[in-house]
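Chains, contacts and geometry: an overview
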Amino acid sequence: MIEFKQVSKIYSPNCQALDGINLVISENEFVSIAGRSGAGKSTLIKLFIREELPSHGRIFWKGQDICQIKDNHLPIWRRRIGMIFQDFRLLNEKTAYENIAFAMEVSGREEDEVERDTSQLLKLVGLLDRAEHFPSQLSGGEKQRIAIARALAHRPEVLVADEPTGNLDLLHTWEIVKLLIKINELGTTVILSTHDREIINGLDKRVVTLEKGRIIKDDEKGKYILF
Amino acid sequence: MFTTLFRITKAGCLNFWRNRWLSSVAYIIMTLAIFGITSLLLVNVLIGSLTANLEDKIDVSVYFNLDVPEEEILKARSDLVRLAEVRSVEYVSTENALKEFKEKHKDNVVLMQSLEELDSNPLEASLNIKAQQASQYETIVSFFDQGNYNEIIDKINYMENKAVIARLASITRGIRQIGFIVLLVLAVLAVLVTFNTIRLTIYSARREIKVMKLVGADNWFVRGPFIVEGVIYGLIAAVITLFVMYPLLWYLSPKITAYLPGTDLFYFFQKNIISLFLLQIGIGVFLGAISSYVAIRRYLTA
């Protein structure tokens, strides 16, 4: 479903973030991208969501080269993937409810549909009572759950999570991971980038390990390896 | 389409309200800009009426020989009136000239006595001509070079006043031009300051703009609310300007009239209040919308 072909990203001559990445991710898979800070995990994700373009190589999704997508078609492409980030990236001027609704409004969904789905998503992440709170009034774990709800608003085919637990304590970390597993079981492909050994060892799913911009390990049921 | 428009407008209004501190800075700056531009406009109106007053004081008198019959003078008058440069032509007959002369010098006994010594009226009939603009007298005077005017005209006082008229013409033209340039420069300044303020409000939202794009919002969905906000700044600024300007002019206008008779700014303001208000709204809305549109562009890339 997703295929990286000889993908490299060079920011400057002495800063090569990715080097000849070949990677295939199938539909409904749960893949963890592991590696230390600076190994290239975030770059890999930025290329997939088209926040950046690769220096070499191509990235395909269902046969379509995503590097060829024109800028004015990007919004439509982005509505097919859900994203969550370490720093949550919620809209601070909008309430929890509005943050989730916004993702549906951009694609022109009807008002009653937006209301119904937003409430359902808030229920899914267990924050229906926090609907009218602004991000500044929520804890880190709650913010990330709102971000997940927003990522699911488009009913995406792929959910990309870039260090989603990086800013959370242990308890909240597992809440988020369980939520991701649940989402995967409901039929969404999940790509999770993390450097958290506990998560990877606890997941028992495919692990792709990056080191200095290259894939050094790709195991079906991986464990965290000390490099 | 309608839903999107409604959502964009709603988001713009909400943003305006939730960022009310930042918003208030923006519309206060914009109020200053619109206030400045309107004031400059009024100053230009003032300059206009001043120069018009000044130009009104200039005229050219053409004196006809004593033996020229009245019909011929009146014919010359009707020819003159047809010229585009001519604003008005006043005919002063010999009798009227004498009456005016006596009225003017009634206290001068010697002059009056010597006048009575004469058996006929020594004063010539004349045409007092006023031009549309001070610079046009040369053209009007050249009208008398043609035909038989040379024979019936005694003198044209333009020749005597030529230097003064030319000077006045260049002064009024100068005042008008300087007024216009000052208006333009200050208006550009006001526009730049407003633009920069709006740029700052958008700069403070750059992170959010990026997030909106990542969530799949297209450019218009991101840009729209900011433009709506810009339009709200403009509307509020126009209303504030009007409410400040009305009492201010009511208070200042009589004082200005005392210094510069023949001008009444408050009257002008009242008479044109609707078009002035529409102009202020127009400036505000245009400035707000365009500034937002331009300022947000750099944050919309991918």
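Scroll up to find the structure this text is about.
Residues numbered from 1 in each chain as written. Chains lettered and ligands numbered in written order. Predicted model: local features only at pLDDT ≥ 70, side-chain atom pairs only at ≥ 80, totals over all residues.

**Here's the deal with the nonpolar core**
Formed by 106 residues in total, the largest nonpolar core has its most connected members in Ile100(A), Ala149(A), Val160(A), Ile191(A) and Met30(B). Sorting elements by how many residues they give to this core places helix 10 (residues 219-259) of chain B first, with 13 residues. Apart from residues no more than four positions distant in its own chain, Ala149(A) is found in contact with Ile100(A), Leu121(A), Leu122(A), Leu124(A) and Val125(A). Residues Val60(B), Ala76(B), Val89(B) and Ala169(B) belong to the second largest nonpolar core, which totals 16 residues. (Core = buried A, V, L, I, M, F, W, Y, C linked by C-beta atoms within 7 Å. Buried ≥ 20, exposed ≤ 12 C-beta atoms within 10 Å, placed from the backbone. Helix = DSSP H or I, 4+ residues; strand = E, 2+ residues; numbered from the N terminus. Contact = placed C-beta atoms within 7 Å.)

**Considerations on the environment of Ser49(B)**
Residues and elements named next belong to chain B. Along the chain, serine 49 turns up in helix 2 (residues 20-56). Along the sequence, serine 49 and aspartate 264 sit 215 residues apart, while their C-alpha atoms lie 9.3 Å from each other. Apart from residues no more than four positions distant in its own chain, serine 49 is found in contact with Gly262 and Thr263.

**Section: helix 3 (residues 96-105) of chain A**
Note that an α-helix has 3.6 residues per turn; residues three or four places apart therefore point the same way. Within helix 3 of chain A, nine of the ten residues are buried, which leaves it mostly tucked inside the rest of the structure. Buried residues of helix 3 of chain A: Ala96(A), Tyr97(A), Asn99(A), Ile100(A), Ala101(A), Phe102(A), Ala103(A), Met104(A) and Glu105(A), and no others. Contact partners of the buried residues in helix 3 of chain A: helix 4 (111-124) and helix 5 (140-152) of chain A together with helix 1 (2-18) of chain B.

**Looking at the interface of chain A and chain B**
With 21 residues of chain A at the contact, the number on the chain B side is 15 residues. Among the elements of the structure, helix 2 (74-78) and helix 3 of chain A are those that each provide at least two residues to the side of chain A that touches chain B. When the residues that make up the side of chain A that touches chain B are grouped by side-chain class, the tally is eight nonpolar, four polar and nine charged. (Nonpolar A, V, L, I, M, F, W, Y, C, P; charged D, E, K, R; others polar.)

**Looking at the packing of helix 3 of chain A against helix 4 of chain A**
Residue and element names in this part refer to chain A. The N-to-C vectors of helix 3 and helix 4 enclose an angle of 130°; their axes lie 9 Å apart at closest approach. As the angle between them shows, helix 3 and helix 4 are arranged oblique. Helix 3 and helix 4 meet at a crossing whose hand is right-handed. Contacts from Tyr97, Ile100, Ala101, Met104 and Glu105 in helix 3 reach Val114, Asp117, Thr118, Leu121 and Leu122 in helix 4. Of the residues that constitute the contact of helix 3 with helix 4, the class distribution is seven nonpolar, one polar and two charged. (Axes fitted to C-alpha atoms, helices over the stretch in contact; angles between N-to-C directions. Parallel < 35°, antiparallel > 145°, perpendicular 65-115°, else oblique. Left-handed = near helix turned anticlockwise from the far one by under 90°.)

**Side note on the environment of Leu180(A)**
Residues and elements named next belong to chain A. For leucine 180, the position within the fold is in helix 6 (residues 170-185). The class of leucine 180 is buried, set by 23 C-beta atoms lying within 10 Å. In this structure, the C-alpha to C-alpha distance between leucine 180 and leucine 159, residues 21 residues apart in sequence, is 8.7 Å. If sequence neighbours within four positions are ignored, leucine 180 has contacts with Ala161, Val190 and Leu192.

**Describing the pairing of strand 7 (residues 158-162) of chain A**
All names here are of chain A. Summarising burial for strand 7: five of the five residues are buried, a large majority. Residues Val158, Val160 and Asp162 point to one face of strand 7 and Leu159 and Ala161 to the other, with burial holding for every one of them. Pairing analysis gives five bridges linking strand 6 (residues 81-85) to strand 7, with the strands arranged parallel. By the bridge assignment, methionine 83 is partnered in strand 7 with valine 160. In the sheet, strand 7 pairs with strand 8 (residues 189-194) via five bridges, with the strands oriented parallel. Residue leucine 159 lies in a different strand from strand 8, and its bridge partner there is valine 190. Regarding topology, helix 6 serves as the crossover connection from strand 7 to the parallel strand 8, and that connection is right-handed. (Pairing = 2+ DSSP bridges. Right-handed = clockwise from strand over helix to strand, strands pointing away.)

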